[in-house]
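Close look at the chain arrangement
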Amino acid sequence: AAVASIADASATTRYLVQVGPGLFEESALVDVPEFVTVAGSGRGATVVRANRTSGSQGGASAVFLLGDECALTALTVENTGASGISNAVLVQNASSATRLFDVEARCEGSGGAGHSALRIADGNPVAESSAFHASGATVVSAAVSCVDSSGAFAQPTFRGCTIEARDAGSGIGLALSNSAPDLFHSKIVGWQTGIRADLAGISEVVGCRVETLGFNPVYTTSGSAAMLSAHTVFVGGSPSGQSTSFKYVHCVKANYDPVGNGFGSSVQ
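To start, this report covers the structure provided alongside it. Note that the structure is a prediction, hence the values are computed from the model and not measured. (Residues numbered from 1 in each chain as written. Predicted model: local features only at pLDDT ≥ 70, side-chain atom pairs only at ≥ 80, totals over all residues. Heavy atoms only, no water.)

**Here we look at the overall build of the protein chain**
When its secondary structure is counted, the protein chain shows zero helices and 26 strands. For a compact globule of 268 residues, the expected C-alpha radius of gyration is about 18 Å, and the protein chain comes in at 18 Å, within 12% of that figure. In terms of overall dimensions, the protein chain has a C-alpha envelope of 55 × 40 × 35 Å along the principal axes. Here the contacts in the protein chain between residues at least 6 apart in sequence split such that 62% fall between residues at least 24 apart. Between the centroid of the 14 positive side chains of the protein chain and the centroid of its 21 negative side chains there is a distance of 7 Å. (Helix = DSSP H or I, 4+ residues; strand = E, 2+ residues; numbered from the N terminus. Rg over C-alpha atoms; globule rule 2.2 N^0.38 Å. Contact = heavy atoms within 4.5 Å. Lys, Arg positive; Asp, Glu negative; His and termini not counted. Charge placed at Lys NZ, Arg CZ, Asp CG, Glu CD.)

See the structure below:
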């Protein structure tokens, strides 16, 4: 209600909505306007929970919706949706002025076709010191999904984040479609694959740990999507995609043996 009451936010009239400790169970979408920051009292201390799901992507599937020039910080967001498509936080058409800092987002209902803790559509938001967890979906549980659906090519930035989807068979740490994120000093884990990049986009992974379970490929690519990696540790199976899709500089396996460049390089 506090967020919905703001009608005059602008570049010169900015709002901070401070949320105290506690569990806040919502039913409606929390649609954060431009130039508004929602700040909790810390991860785990302020928990916003909702059961929201839809047959298609959009605000009806999310707990929080962020557009441009807004921020979310110091709280936990949980979507317990167990049918259809569910997202904890949805970011749409946002520039790098949209920020998530010290946020924990979870989408872990048991059931439903697709879960994402964070879904980014057509934007370049920045996520720092945050954690994203997804599980429970029957088709794809992606801790973070990033797509170019109808607007700007998606190029978000992640710094110091944990991105995990450990579901056997359906878990993808970072699912990309026509997008090119930059990841720095983050941990990305997925059962099916750590990072899946489809269609197009050149992603940069620097100083990270990328991990899969059961020797599945740490990276999978299709189309002209490519992964550039530096100073990164890989735990899991060899990448899957065209030989020109991968480049490694000063990267190592789990035992710290060096990783060779290109398709077929074992990273177990």
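**Re unusual backbone geometry**
For Asn93, which is not glycine, the phi torsion reads 50° and is therefore positive. Counting through the fold element by element, Asn93 comes out in the loop between β8 (85-92) and β9 (99-107). The phi torsion at Tyr256 lies on the positive side, around 70°, for a residue other than glycine. Along the polypeptide, Tyr256 turns up in the segment after β26 (252-253). Exposure remark for Tyr256: the relative accessible area of 59% places this residue in the exposed category. (Buried < 20%, exposed > 50% of the residue type's maximum accessible area, 1.4 Å probe, protein only.)

**A look at the nonpolar core**
Ranked by internal contacts, the top residues of the largest apolar core, which has 55 residues, are Phe64, Val89, Phe132, Phe158 and Tyr219. In this view, Tyr219 contacts Thr193, Ile195, Val205, Val210, Met227, Ser229, Phe234, Pro239, Ser240, Phe246 and Tyr248; residues no more than four positions away in its chain are not counted. (Core = buried A, V, L, I, M, F, W, Y, C linked by side-chain atoms within 4.5 Å.)

**Description of the packing of aromatic side chains**
Following the criterion strictly, the structure yields four aromatic pairs and no others. Summarising the aromatic geometry, the rings of Tyr219 and Phe234 are spaced 5.4 Å apart at their centres and angled 85° between planes, so their arrangement reads as edge-to-face. Here the residue Tyr219 occupies a position in strand β22 (residues 219-221), and Phe234 occupies one in strand β24 (residues 233-235), the gap between them amounting to 15 residues. By relative accessible area, which is 0% here, Tyr219 ends up buried. Centre to centre, the rings of Tyr219 and Phe246 are 6.2 Å apart; their planes meet at 10°, and the pair counts as stacked. Here the residue Tyr219 occupies a position in strand β22, and Phe246 occupies one in strand β25 (residues 246-249), the gap between them amounting to 27 residues. The exposure classification of Tyr219 matches that of Phe246, with both residues buried. (Phe/Tyr/Trp six-rings, centres within 6.5 Å; stacked < 30°, edge-to-face > 60°.)

**Here we look at the sheet that holds strand β13 (residues 140-147)**
The eight strands are arranged β3-β6-β8-β10-β13-β16-β19-β22 in an open sheet whose pairing can be described as parallel. Looking at strand neighbours, the two that pair on one side only are β3 (30-32) and β22, the edges of this open sheet. Neighbouring strand axes in the sheet, compared pairwise and without regard to direction, differ in orientation by 15° on average. Alignment of strand β10 (residues 114-121) against β13, held across seven bridges, turns out to be parallel. From the neighbouring strand, Ser116 faces β13, where its bridge partner is Ala142. (Pairing = 2+ DSSP bridges. Axes fitted to C-alpha atoms, helices over the stretch in contact; angles between N-to-C directions.)

**Structural notes on the side chain of Ser86**
Mapping Ser86 onto the fold places it in strand β8. With a relative accessible area of 0%, Ser86 lands in the buried category. Among the polar contacts made by the side chain of Ser86, one reaches the main-chain carbonyl oxygen of Arg52 at a distance of 3.1 Å. A polar side-chain atom of Ser86 sits 3.3 Å from a polar atom in the side chain of Thr53. (Polar contact = N/O pair within 3.5 Å; in protein donor to acceptor, adjacent residues only side chain to side chain.)

**Topic: the state of the cysteines**
A complete count under the given rule lists zero disulfides for this structure. Of the cysteine sulfurs around Cys146, a residue in no disulfide, the closest is that of Cys161, at 13 Å. Cys146 sits in the buried class, given a relative accessible area of 1%. In this structure Cys208 is not part of a disulfide, and its nearest cysteine sulfur, from Cys161, lies 9.4 Å away. (Disulfide = S-S within 2.5 Å.)

**Comments concerning the pairing of β9**
Across eight bridges, strand β7 (residues 71-79) lies against β9 in parallel orientation. Residue pairing for β9: Leu75 is matched across the bridge by Val103. Bridge count for β9 against strand β12 (residues 131-134) is four bridges, and the pairing is parallel. Within the sheet, the bridge partner assigned to Ala105 lies in β12 and is Phe132.

**Description of the pattern of salt bridges**
Applying the stated criterion across every chain yields a total of eleven salt bridges. Its salt-bridge partner being Arg49, residue Glu78 comes within 2.7 Å of it at the nearest N-O pair. One end of the pair, Glu78, is in strand β7; the other, Arg49, is in strand β5 (residues 46-50), and 29 residues separate them in sequence. Residue class for Glu78 comes out buried when judged on its relative accessible area of 18%. The class of Arg49 is partly exposed, set by a relative accessible area of 28%. Within this structure, Arg99, Glu128 and Arg159 form a network of salt bridges that share partners. (Salt bridge = Lys/Arg side-chain N within 4 Å of Asp/Glu carboxyl O.)

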